Amino acid sequence: MQIIDYKSKYLEDLCFLEKTCFCDYWKHDMIFEETESPFNVIKLALDDSKEVIGYIIVKRVFEEAEILRLCVLPQNRREGIAEKLLKSAINECLKKDVVRFFLEVRISNIAASSLYKKAGFQLLDIRKKYYSNNEDAAVYFLDAKTV
C-alpha cells in the first residue's frame, strides 16, 4: 500500500468510493469541484495493484484546514490506511502553514471518532441534527502545535 497525491485520472475511483462508503455521498460534480481546487490537499491510498482503496480531501483556507472526506473501502478497513492518509494530509498542510484543523463526524461513527482522537483531535462541539437523517455531528479540532 502506498499514499500518493491525487491525480485527475483517479476521479472515477473517488466517485466509486463515495458511493460505496457514504450514505449521503457527494455527486460527481461536487467531487470534481473539490479535486480541482488548488487549495485542497488530496491524498490517495493505492493497494499493491495500484487500485484506489481510500482517500482524504482537506480544504485549506488561509491557516485553517477542514477535513472534508476520509474514506477507505470496507474490505480494507482496520489496516491503518485511514491513519496513514490522515497523517500524510496533515503533514502536507503543516508545510503550507496550516495551524488548525477541523472536521465533523457522525456521532454514531465510533471508529472515525477513535481515529481522530488517536491523532490528537479534541471534541469542540456537537452540532444537533447536522446530517440529512437528523443525526448529530461531533466537531473536532486539532491545534498544529500539538502535532
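Everything that follows concerns the structure shown earlier in this document.
Residue numbers here run from 1 along each chain, matching the order of that chain's written sequence. Totals for whole chains, interfaces and linings use every residue, but because this is a predicted model, local features are given only for residues with pLDDT of at least 70 and side-chain atom pairs only at 80 or more, for both listing and counting. Water and hydrogen atoms were dropped before computing side-chain values, which therefore reflect all heavy atoms in the structure.

Visitor: Could you give an account of the environment of Glu 33, with specific residues and numbers?
Guide: A helix here means a DSSP run of H or I that spans at least four residues, while a strand means a run of E at least two residues long, and both kinds are numbered starting from the N terminus. Among the secondary structure elements, Glu 33 is positioned in helix H2 (residues 28-36). Glu 33 sits 19 residues away from Val 52 along the chain, and the two C-alpha atoms are 19 Å apart.

Visitor: Please set out the packing of aromatic side chains residue by residue, giving values where relevant.
Guide: A pair of Phe, Tyr and Trp rings is counted when the ring centres sit within 6.5 Å of each other, with Trp represented by its six-membered ring. The angle between the planes then sorts it: under 30 degrees is stacked, over 60 is edge-to-face, the rest tilted. By the definition in use, this model includes two aromatic pairs. Aromatic pair Tyr 116 and Phe 121: ring centres 5.6 Å apart, planes at 70°, arrangement edge-to-face. Between the aromatic rings of Tyr 130 and Tyr 131, the centroid separation amounts to 5.0 Å while the plane-to-plane angle is 90°, which identifies the pairing as edge-to-face. For the exposure calls, accessible area comes from a 1.4 Å probe over protein chains only, and a residue counts as buried if that area is under 20% of its type's maximum, exposed if over 50%, partly exposed in between. On the basis of relative accessibility, which here comes to 38%, the residue Tyr 130 falls in the partly exposed class.

Visitor: Got a sec to walk through the nonpolar core? Specific residues and values, please.
Guide: Counting 45 residues, the largest nonpolar core has Leu 44, Tyr 116 and Phe 121 as its most contacted members. Broken down by secondary-structure element, the contributors of at least two residues to this core are helix H1 (11-21), strand S2 (40-46), strand S3 (52-61), strand S4 (64-72), helix H3 (81-95), strand S5 (100-106), helix H4 (110-118) and strand S7 (137-143). Residue contacts are counted whenever heavy atoms from the two residues lie within 4.5 Å of one another. Beyond its immediate chain neighbours, meaning those up to four positions away, Tyr 116 contacts Ile 67, Leu 70, Leu 86, Leu 103, Val 105 and Phe 121. Residue types Ala, Val, Leu, Ile, Met, Phe, Trp, Tyr and Cys, when buried and joined through side-chain atoms within 4.5 Å, form a set referred to as a nonpolar core.

Visitor: How would you summarise a nonpolar patch on the surface if you had to cite specific residues and measurements?
Guide: On the surface, Ile 107, Leu 123 and Ile 126 cluster together into a nonpolar patch covering about 230 Å² of accessible area. Its place among the elements puts Ile 126 in strand S6 (residues 122-127). Since its relative accessible area comes to 31%, Ile 126 is described here as partly exposed. Patches in this entry comprise residues that are over 30% relatively accessible and not in a salt bridge; like charges within 9 Å are linked, as are nonpolar side chains (Val, Leu, Ile, Met, Phe, Trp, Tyr) within 5 Å. For every accessible area listed, the method is Shrake-Rupley and the probe measures 1.4 Å; residues are considered covered only by the protein chains on display. Salt bridge, as used here: a side-chain nitrogen of Lys or Arg that lies within 4 Å of a carboxyl oxygen of Asp or Glu.

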